[in-house]
Amino acid sequence: MNRISSFHNYQSVQNDFRRQEAKVHHNQAQLASGKKLMKASDDPLATHYIQNIGQQKEQLRQFTDAIVLTRNRLEHHEVIISNAEQYTDEAKRTVMEMINGSLSPEDRLAKRREIQELAANFLNLVNVQDESGNYIFAGTKPKNQPFFKDKDGDVVYVGDDYQRKMKISNSLEMPINDPGNKLFMEIDNPFGDFEPNYNLNEASELLLERAINLNPDDNSTYKITFVDMPDNQYGYQLERDGSVVKADTFNPGKGIQFEGVTIQVKGQISKGDEISLEPRRSYSIFETFNEAMKLSQGSVSDASNTAKLHQITQELHAAFIHLNKARTDVGARLNTLDIQEEQHDDFKMTLTKSKSNFEDLDYAEAIIEFNENSRALQASQQAFGKTKDLTLFNYI
């Protein structure tokens, strides 16, 4: 009985000594690392939260990388659109110079070459690629060149209508490009719903201001012919698809109205002036460049040719405004990226603080615990030293 009792006393004190020694070592490791949690078993619930925080921080890192990439793409995108604006504005000023009646045919030919060069540079610009070799304006077909010239010299688009997007947060995807057809081939017609074609008398200054058709299903062609009326007034005859549908005295303030069609003109009218209106709600800037080059070969005394050149300047101006709006939209996306990046940074700081609450060591509390465990260890050591020498023979 004495042997068994002595063994169990010895084992109990030794186990207590080892437990206290392990606590002291754990305290020392905490103080050395500054971390409260040295292993998962220290606090399983806190460890679970820290793992979740780590996953969220990794996701934030991925979102931040996506924002950096998206910002680079959009900044490049913005620069290209800005260059397209400059080409468009320069083409507009060149066409305005062609309207000048004092230009010689040689001067107009020189302007034609300028337009031709601008059109070629514009086509090269919109076929630009990013640093990864992707075509910027090809929609979701970045490996395909988006714009080609066909055998007739017309520019065709072979991309699609969609945008490539980058996920920059759990709930937000940011477009990183714009399809080329939306930017350069679907520009709102500055004259409304029709394209004018002129047959004017010499020295006439008649121009279409605007023509609206409220009936979207009406694809008819209209023609206006102006005639003399008594009292120095003008009358008009309106045809639809070759048939006369209305004839009346022309009132400049009221314009011409027929069913859902409203037509406004400006400038000096001459007897016999004609304007044909073809349905067209949008146009391509490439068509405008081609038309400008064709019209440059006309005579400066041709009133119809000059009226079409005025139309070209309006279309180029509308294209400039259209591109400017697109660039503004890209700028808004860049602002959104900045705001989202700040939100990610704020959330990252919150996660870091939460992780610190679970993981970082409270040194004052840890030192108190270390001192207590050290004293307990000393007591265990003393108890172990006395117990290991304790036998029945000491009392015989």
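Thresholds applied
- Within every chain, residues take consecutive numbers counted from 1 along the sequence as written.
- In view of the model being predicted, local features appear only for residues whose pLDDT reaches at least 70, and side-chain atom pairs are presented and counted only at 80 or more, with totals across whole chains, interfaces and linings using the full set of residues.
- As a convention, hydrogens and water are excluded, and side-chain values are obtained from all of the structure's heavy atoms.
- In DSSP terms, a helix is any run of H or I states spanning at least four residues, a strand is any run of E spanning at least two, and both are numbered starting from the N terminus.
- Burial here depends on accessible area, computed with a 1.4 Å probe over protein chains only, as a share of the maximum for the residue type. Under 20% is buried, over 50% is exposed, and the range in between is partly exposed.
- Pairs of residues are marked as contacts when any of their non-hydrogen atoms sit within 4.5 Å.
- Only the protein chains shown count as cover for residues, with accessible areas throughout obtained via the Shrake-Rupley method and a probe of 1.4 Å.
- A pair of strands is labelled paired if DSSP reports no fewer than 2 bridges between them.
- Helix axes use the C-alpha atoms of the stretch in contact, all axes being lines fitted to C-alpha atoms, and the angles between their N-to-C directions lie in the range 0 to 180 degrees.

Asks: Where do I start with the overall build of the chain in this structure?
Replies: Per the secondary structure count, the chain includes seven helices and 14 strands. Relative to its 396 residues, the chain shows a buried fraction of 40%. Across the chain, the fraction of contacts at a sequence separation of at least 24, relative to all contacts at a separation of at least 6, is 67%. Surface summary for the chain: the accessible area is close to 22000 Å², and the carbon and sulfur share equals 49%.

Asks: Just checking my understanding: could you explain the side chain of K111 for this structure?
Replies: Looking at the secondary structure, you find K111 in helix α3 (residues 105-126). Beyond its immediate stretch of four places on either side in the chain, K111 contacts T94, E97 and M98.

Asks: For this particular structure, what's the right way to read unusual backbone geometry?
Replies: Glycine aside, a negative phi is what most residues show, and trans is what most peptide bonds show. Phi is positive for D241, which is not a glycine, with a value near 50°. Looking at the element boundaries, D241 is found in the loop between β9 (233-240) and β10 (243-249). For D241, a relative accessible area of 52% translates into the label exposed. In this structure, E259 is a non-glycine residue whose phi angle is positive, near 50°. Among the structural elements, E259 can be located in the loop between β11 (256-258) and β12 (261-266). On the basis of relative accessibility, which here comes to 65%, the residue E259 falls in the exposed class.

Asks: Just to check I follow, could you spell out the sheet that holds β12 for this structure?
Replies: Across a sheet, paired strands are connected by hydrogen bonds in the backbone, their directions being either parallel or antiparallel. With antiparallel pairing, three strands are arranged side by side in an open sheet as β7-β12-β11. The two strands at the open ends of the sheet, each matched to only one other strand, are β7 (207-213) and β11. Shown here is a sheet whose adjacent strand axes are inclined to one another by a mean of 10°, direction ignored. Of the pairings in the sheet, the one linking β7 to β12 comprises six bridges and is antiparallel in character. When the sheet's bridge partners are listed, L207 is paired in β12 with K266.

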